[in-house]
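Tertiary structure, described
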Amino acid sequence: MDAPAIEIRSLTKTFGSVHAVNDLSFTAGPGRVTGFLGPNGAGKSTTLRALVGLVTATSGEALIGGRPYGALEHPAQVVGAHFEGAFHPGRSARDHLRVYASQAKVDTGRCDEVLAMVGLTEAAGRRVRGFSMGMRQRLGLATALLGDPQVLVLDESANGLDPAGVQWLRSFLKAFAARGGTVLLSSHLLSEVELTVDDVVIVAGGRLRRACAITDLREEASAQVRIASPDGDKLTAFLRDRFPAAQALSATAATVPGVTAAQVGAAAFADGLELHELAESADSLETVFLRLTSQEAAA
Ligand SMILES: Nc1ncnc2c1ncn2[C@@H]1O[C@H](COP(=O)(O)OP(=O)(O)O)[C@@H](O)[C@H]1O
Ligand SMILES: [Mg+2]
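Residues numbered from 1 in each chain as written. Chains lettered and ligands numbered in written order. Predicted model: local features only at pLDDT ≥ 70, side-chain atom pairs only at ≥ 80, totals over all residues. Heavy atoms only, no water.

1. Considerations on the overall build of the protein chain
- Across its full length, the protein chain carries 12 helices and 13 strands.
- Once the C-alpha set of the protein chain is aligned to its principal axes, its extents read approximately 75 × 45 × 35 Å.
- In the protein chain, buried positions account for 46% of the 299 residues.
- Contacts spanning at least 24 positions in sequence make up 69% of the contacts within the protein chain whose residues lie at least 6 apart.
- Total accessible area computed for the protein chain in this model is approximately 14200 Å², and 50% of it derives from carbon and sulfur atoms.
- Of the charged side chains in the protein chain, 28 are positive and 32 negative; the average position of the first set lies 8 Å away from that of the second. (Helix = DSSP H or I, 4+ residues; strand = E, 2+ residues; numbered from the N terminus. Buried < 20%, exposed > 50% of the residue type's maximum accessible area, 1.4 Å probe, protein only. Contact = heavy atoms within 4.5 Å. Areas by Shrake-Rupley, 256 points an atom, 1.4 Å probe, with all protein chains shown as cover. Lys, Arg positive; Asp, Glu negative; His and termini not counted. Charge placed at Lys NZ, Arg CZ, Asp CG, Glu CD.)

So, in structure tokens, the structure goes:
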């Protein structure tokens, strides 16, 4: 059965004069890993905290399966969350989990189960103080899993992981979603999670910039063809007739958005236009992300 969806509806949270979250709306559906992305200070953590009742919204709603966290009958079984820095450094991993297990009214036997799920069985008795970033992230995920929830809310859980750790987290979250679970994973680095997420919700300055499938973002990043011809006049006429969206780079060169090199090449061949350059170029996904979250995009 599908897990409950996460719904953020016109959420606003102000701290004094700071608009941490500003009229934000999006959904994260079951069976998907949703990346909640934006630069530092974008309002991600505040939104995720509102979702699990750690922050009271100024206005709007943060809902899980149509209900605010406070109205869930068995919250630990519905949603598990982890936020950065939630550890007492002097406690062992197992003791950390026991504290949370009693809060979540979960049997303490579950602690060893979740430690095994994240590969920390060997480290169960060690103090968190000596843990690497990767081990801390695993322990955070174990904490979120205590109640065997259907929804995971993870704040920067990929942050500081080495490539093997990122890959491990990816398989774990993909498997969780494949079983029908809902995952909302925040990150300030698209590159850290781009292979993990199915959908992206991009925020900056507390506002939504884009919500779409990661494949849509990839499409936006690709599909640009650069062409050049020694015959500037003929090139201009060709582009005007065939590809009016083209942008001139010089008198003899231009870029054509939203097409493949094959399409432009075939048209040029048909029109007898001599080409000295015909190349697909792609912005990186990171460039698209930066453009969406830049100050100018806010204006
Ligand atoms: N408890 C708080 N008191 C005052 N300002 C806060 C508080 N929590 C967050 N903020 C501010 O709200 C904005 C968004 O913060 P945050 O949600 O942590 O962003 P992100 O997680 O995307 O980095 C920032 O300007 C931050 O300084
Ligand atoms: Mg944050």
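2. With respect to the environment of A204
- Within the element layout of this structure, A204 appears in strand 8 (residues 199-204).
- Residue A204 is classed as buried on the basis of its relative accessible area, which comes to 4%.
- As a C-alpha pair, A204 and N22 span 182 residues in sequence and 9.8 Å in three-dimensional space.

3. A short note on the packing of aromatic side chains
- In the structure shown here, the tally under the stated rule is three aromatic pairs.
- Ring geometry for F26 and F36: centres 5.0 Å apart, planes at 40 degrees, overall tilted. With F26 in strand 2 (residues 18-28) and F36 in strand 3 (residues 32-37), this residue pair connects regions lying 10 residues apart in the sequence. Comparing F26 with F36 shows no difference in burial state: the two are buried.
- Judged by centre distance (5.8 Å) and plane angle (65 degrees), the rings of F238 and F243 are edge-to-face. Summarising the burial analysis for this pair, F238 and F243 share the class buried.
- Directly above the ring of F83 sits R49, whose terminal nitrogen or CZ lies 4.6 Å from the centroid.
- A cation sits over an aromatic face here: R138 above W168, 4.2 Å from the ring centre. (Phe/Tyr/Trp six-rings, centres within 6.5 Å; stacked < 30°, edge-to-face > 60°. Lys NZ or Arg CZ within 6 Å of the ring centre and 35° of its normal.)

4. A word on the sheet that holds strand 1 (residues 6-15)
- Spatially, 2-1-4 is the arrangement adopted by the three strands of the open sheet, whose pairing is antiparallel. The open sheet has two edge strands with one neighbour each: strand 2 and strand 4 (59-64). Taken over all neighbouring pairs, the strand axes of this sheet differ in orientation by 20 degrees on average, direction set aside.
- Of the strand pairs in this sheet, strand 1 and strand 4 are connected by five bridges, and their pairing is antiparallel. Looking at strand 4, one finds that R9 is bridged to E61. (Pairing = 2+ DSSP bridges. Axes fitted to C-alpha atoms, helices over the stretch in contact; angles between N-to-C directions.)

5. Structural notes on the sheet that holds strand 13 (residues 277-280)
- As summarised here, the arrangement of the four strands in space is 11-12-10-13, forming an open sheet in which the pairing is antiparallel. Among the strands making up the open sheet, the edge pair consists of strand 11 (247-250) and strand 13. With direction set aside, neighbouring strand axes in the sheet form an average angle of 20 degrees.
- As defined by bridge partners, strand 10 (residues 224-228) adjoins strand 12 (residues 253-257) across five bridges and the pair is classed as antiparallel. For V225, the partnering residue across the bridge sits in strand 12 and is V256.

6. Overview of the layout of surface pockets
- There is about 640 Å³ of room inside the largest pocket.
- Along the wall of the largest pocket there are 26 residues; nearest its centre are Y69, V79, Y100, Q103 and A104.
- Contributing elements (two or more residues each) for the lining of the largest pocket: helix 2 (75-78), strand 5 (79-82), helix 3 (93-103) and helix 5 (133-145).
- The biggest single contributor to the lining of the largest pocket is strand 5, with four residues.
- Its volume calculated, the second largest pocket comes out at about 190 Å³.
- Surrounding the second largest pocket, 12 residues form its lining, D148, P149, Q150, F176 and R179 being those nearest its centre.
- The residue inventory of the lining of the second largest pocket, partitioned by class, reads six nonpolar, three polar and three charged. (1 Å grid on protein atoms, 1.4 Å probe; cavity = no way out; pocket = protein on both sides within 12 Å on 5 of 7 lines; lining within 4 Å. Points joined across faces, edges and corners; volume = space filled by probe spheres on them. Nonpolar A, V, L, I, M, F, W, Y, C, P; charged D, E, K, R; others polar.)

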